[in-house]
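# A look at the structure
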Amino acid sequence: MQPIISVSNLTKTYASGFKALNGINLDIQRGEIFALLGPNGAGKTTLISIICGIANLSAGKVEVGGHDINADYRVARSLIGLVPQELHTDAFESVWATVSFSRGLFGKPKNPAHIEKVLKDLSLWDKKDNKIITLSGGMKRRVMIAKALSHEPQILFLDEPTAGVDVELRKGMWEVVRQLRENGVTVILTTHYIEEAEEMADRIGVINKGEIILVEEKAKLMQKLGRKQLKLHLQGRLDTLPATLAPYHLELTEDGKELIYTYDTQSERTGITTLLSDLRDADIRFKDLSTTQSSLEEIFVNLVRTGA
Ligand SMILES: Nc1ncnc2c1ncn2[C@@H]1O[C@H](COP(=O)(O)OP(=O)(O)O)[C@@H](O)[C@H]1O
Ligand SMILES: [Mg+2]
């Protein structure tokens, strides 16, 4: 199927001469939730701004729904809803007025039934006559989403939707995003919270220093890079490891009390059985053992570190 967004060889050099994006290639599939994960300054907002036509690209090509964002700006832009990183709303407008007004900006005819549905979906219906200034932070964010959805876009960009938001609100936001996808909206969110990408995304792209260093289905990413560690808590203290254990590349903790074995959950043989019998042969005894699965967090930290 044709991707709903196609970015090819995209480069962005700011007027200062700073190259914020360098040869970005990225396809977004219709109906997916795509998380663009990267540390502060990686280029997430820059990339979104270019796709949404707020910033100009320096080189490359971007198509939205098959429309070139430069040659066919209006059509491309009409397919997109954007919730920017910096929230600003007209404090003294009512929720209903501000969301309806946003729709008008896209030259769409009035459609109160659609605005009503959006407000209801976002649990804002009973606040429709309230002035924005009277709303809580979480509600204001939902108003921003309602504004972005007012013109019935097929694609919604959420730039750091939960930055600085408390845990409860964050979960509420995730629920809203899932609901949107069920309604057929393609969602692209940026985040520097690994947990958020892990929780939400169908696919994850990792961006660092203006380059996409990895794009993968979340499940595959977790599998492919997911390694497990077996930790053996020793009965005694060990100074050195016998040569017979060299093939396992064990790590001995500084205090000599723990042995750590890292293995691939995907491989046919983890090597645990032979490790345990080799340990017995070497007369190394342990009183307890535990395993830990590496999280996307560690994967991410490793990627960004090696990519640096
Ligand atoms: N208008 C600008 N002029 C010059 N540099 C900019 C401008 N906007 C952003 N940058 C720089 O581009 C890089 C990427 O910024 P940004 O896209 O905002 O990153 P992110 O959203 O991933 O935190 C940063 O180093 C930032 O300082
Ligand atoms: Mg940003």
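The shown structure was predicted, so the numbers you read here are calculated from the model rather than taken from an experiment. (Residues numbered from 1 in each chain as written. Chains lettered and ligands numbered in written order. Predicted model: local features only at pLDDT ≥ 70, side-chain atom pairs only at ≥ 80, totals over all residues. Heavy atoms only, no water.)

### Quick look at the domain arrangement of the chain
Taken as a whole, the chain is organised into domain 1 (5-223) and domain 2 (227-293). Each of domain 1 and domain 2 has a C-alpha centre, and these two points are 46 Å apart. (Domains from an automatic or database assignment.)

### Side note on the environment of Ile33
With respect to the secondary-structure elements, Ile33 resides in strand S3 (residues 33-37). Assessed through its relative accessible area of 0%, Ile33 is described here as buried. Counting along the chain gives 259 residues from Ile33 to Thr292, while the straight-line C-alpha distance between them is 28 Å. (Helix = DSSP H or I, 4+ residues; strand = E, 2+ residues; numbered from the N terminus. Buried < 20%, exposed > 50% of the residue type's maximum accessible area, 1.4 Å probe, protein only.)

### Comments concerning the nonpolar core
Ile145, Leu156 and Leu158 are the most contacted members of the largest nonpolar core, which totals 37 residues. Of the residues forming this core, the biggest block, six residues, is contributed by helix H5 (residues 137-149). Apart from the residues lying within four places of it in its own chain, the contact partners of Leu158 are Val83, Ile145, Val177, Val187, Ile188, Leu189 and Thr190. With 29 residues, the next largest nonpolar core counts Ile24, Ile50, Ala76 and Phe157 among its residues. (Core = buried A, V, L, I, M, F, W, Y, C linked by side-chain atoms within 4.5 Å. Contact = heavy atoms within 4.5 Å.)

### Considering the coordination of the magnesium ion (ligand 2)
Around the magnesium ion (ligand 2), the protein contributes the donor atoms Thr45 (OG1) and Gln85 (OE1), which lie 2.0 to 2.2 Å from the metal centre. Of the two residues, Thr45 is situated in helix H1 (residues 44-51) and Gln85 in the loop between strand S6 (80-83) and helix H3 (95-105); the sequence distance between them amounts to 40 residues. Look at Thr45 and you get partly exposed, because its relative accessible area is 31%. (Donors = N, O, S within 2.8 Å, 3.2 Å for Na, K, Ca; no water.)

### Remarks on unusual backbone geometry
Excluding glycine, most residues fall at negative phi; most peptide bonds, likewise, are trans. Even without glycine at this site, Glu160 takes up a positive phi of about 55°. Mapped onto the fold, Glu160 is located in the loop between strand S7 (155-159) and helix H6 (167-182). Non-glycine residue Lys209 carries a positive phi angle of around 50°. Locating Lys209 in the fold gives a position in the loop between strand S9 (203-208) and strand S10 (211-217).

### Considering the sheet that holds strand S4 (residues 59-64)
Across the sheet, which stays open at both edges, the four strands sit in the order S2-S1-S4-S5 with antiparallel pairing between neighbours. At either end of the open sheet lies a strand with only one pairing partner, and these are strand S2 (19-28) and strand S5 (67-68). Here two bridges tie S4 to S5, and the two strands are oriented antiparallel to one another. Residue pairing for S5: Val64 is matched across the bridge by His67. (Pairing = 2+ DSSP bridges.)

### Topic: the site of ligand 1
All residues adjacent to ligand 1 are Tyr14, Ser16, Phe18, Ala20, Pro39, Asn40, Gly41, Ala42, Gly43, Lys44, Thr45 and Thr46. A distance of 3.1 Å separates an oxygen atom of ligand 1 from a polar backbone atom of Ala42. Within the side chain of Thr46, one N or O atom sits 2.5 Å away from an oxygen atom of ligand 1. Here ligand 1 has 570 Å² of accessible area as a free molecule, and 63% of this is covered by the chains. Counting residues per element, the shell around ligand 1 draws most heavily on H1, at three residues. Across the shell around ligand 1, the residue classes tally to five nonpolar, six polar and one charged. (Near = heavy atom within 4 Å. Polar contact = N/O pair within 3.5 Å; in protein donor to acceptor, adjacent residues only side chain to side chain. Areas by Shrake-Rupley, 256 points an atom, 1.4 Å probe, with all protein chains shown as cover. Nonpolar A, V, L, I, M, F, W, Y, C, P; charged D, E, K, R; others polar.)

### Here's the deal with the environment of Glu196
Its location among the elements puts Glu196 in helix H7 (residues 194-200). When the C-alpha positions of Glu196 and Gln85 are compared, they lie 16 Å apart, and in sequence the two are 111 residues distant. Dropping the residues within four chain positions of it, Glu196 is found in contact with Pro161, Thr162, Arg170, Trp174, Leu189, Thr190, Thr191 and Ala201.

### Considerations on the pairing of S9
Counting buried positions along S9 yields six of six residues, so the element is predominantly enclosed. Relative to S9, S3 is paired through four bridges, and the arrangement is parallel. Bridged to Leu36 within S9 is Gly205. Pairing analysis gives six bridges linking S9 to S10, with the strands arranged antiparallel. If you follow Asn208 over to S10, its bridge partner there is Glu211. The turn linking S9 back onto S10 is made up of two residues, and Lys209 within it adopts a positive phi angle of 50°.

### Side note on the sheet that holds S3
Two strands in a sheet stick together by hydrogen bonds in their backbones, pointing the same way (parallel) or opposite ways (antiparallel). Here we have six strands laid out as an open sheet, ordered S6-S7-S8-S3-S9-S10, and mixed in their pairing. Two strands lie at the open edges of the sheet, namely S6 and S10, each paired on one side alone. Between one strand axis and the next, the sheet turns through 15° on average, direction left out of account. This element, H1, spans S3, S6, S7, strand S8 (186-191) and S9 of the sheet and lies at about 150° to S7. Contacts from H5 reach S6 and S7, with the element oriented near 160° to S6. (Axes fitted to C-alpha atoms, helices over the stretch in contact; angles between N-to-C directions.)

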